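Spelled out, the chains give:
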Amino acid sequence: MHGSEELRFRHHQADEVTAIVQLFASVFAASAGEAEGALIGGLAEKLFTTTDASDLFNLVAVDDGGVVASLFFSRLHVSDESEVFILGPVAVQTDRQGEGIGRALITHGLADLVSRGVQAVLTYGDPKFYGKVGFRQLSPTVIKAPFQLSQPEGWLGQSLVEHAIESLSGQCRCVDALNDPAFW
Ligand SMILES: CC(C)(COP(=O)(O)OP(=O)(O)OC[C@H]1O[C@@H](n2cnc3c(N)ncnc32)[C@H](O)[C@@H]1OP(=O)(O)O)[C@@H](O)C(=O)NCCC(=O)NCCS
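A few points on the structure. (Residues numbered from 1 in each chain as written. Predicted model: local features only at pLDDT ≥ 70, side-chain atom pairs only at ≥ 80, totals over all residues. Heavy atoms only, no water.)

## With respect to the pairing of strand S5 (residues 120–124)
Part 1: In terms of residue burial, S5 counts as a mostly covered element, since five of its five residues are buried.
Part 2: Burial along S5 is two-sided: Ala 120, Leu 122 and Tyr 124 and Val 121 and Thr 123, pointing in opposite directions, are all buried.
Part 3: Pairing geometry for strand S4 (residues 84–92) and S5, over four bridges, is parallel. Note on S5: the bridge partner recorded for Leu 87 is Thr 123.
Part 4: Viewed along the sheet, the connection from S4 through helix H3 (residues 101–115) into S5 turns out right-handed.
Part 5: Here S5 runs beside strand S7 (residues 155–159); their pairing, made up of five bridges, is antiparallel. Bridge pairing links Ala 120 to Ser 159 in S7. (Buried < 20%, exposed > 50% of the residue type's maximum accessible area, 1.4 Å probe, protein only. Helix = DSSP H or I, 4+ residues; strand = E, 2+ residues; numbered from the N terminus. Pairing = 2+ DSSP bridges. Right-handed = clockwise from strand over helix to strand, strands pointing away.)

In structure tokens:
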């Protein structure tokens, strides 16, 4: 029996990039099929190789065997005055899912964003899962997604500061790696 208490949560190191890309490819292949594994593995690689360092954070959960989970936050440009990031993708090693690792990794990541003065974080995914770590459905009058969404109910966000996320509005621009309708 594994336990999440043996894990360490921290930013990724440069020599972990290949393992992280493989983690995303294998986890999404197992959960959604080979094509999705290739798509999300490719996304992870492109996020690392094409995004400015100031626009990207990757967090990992590691044990003595290496990386068991990882997530990305990338900058979402809403206005020149706001600091907004989007969470995703997230992956927990297939045989370690359901142990609380995903929740713990995201919780560490949100605390990291708060310490950097980020005002709000968005994501696009399953409201049931992300609702457990503070995300709520965004009304269409709040930030508009970069592309038409195939699952509008998955457009989620939370404020990390005192004022409500509704203070943000308008179209946003994502980083190049996410700027592809295949992900929306
Ligand atoms: C989705 C994923 C990141 C969740 O991580 P995890 O470590 O397995 O989840 P946790 O054990 O931390 O679960 C946290 C809570 O969310 C719930 N949950 C987990 N996966 C869920 C899902 N797919 N749908 C709904 N709820 C889910 C758990 O029941 C748990 O609730 P509880 O604390 O009230 O019991 C992980 O299962 C995964 O990598 N899945 C495949 C890839 C994927 O779908 N990534 C997310 C989209 S980018």
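## Some words on the sheet that holds strand S6 (residues 136–137)
Part 1: Strand order in the open sheet made by the seven strands is S1-S2-S3-S4-S5-S7-S6, with mixed pairing throughout. Lying at the two open borders of the sheet, with one neighbouring strand each, are strand S1 (8–11) and S6.
Part 2: Note that strand S2 (residues 56–63) and strand S3 (residues 66–75) share eight bridges and pair antiparallel. Bridging from a neighbouring strand, Val 62 pairs with Val 67 of S3.

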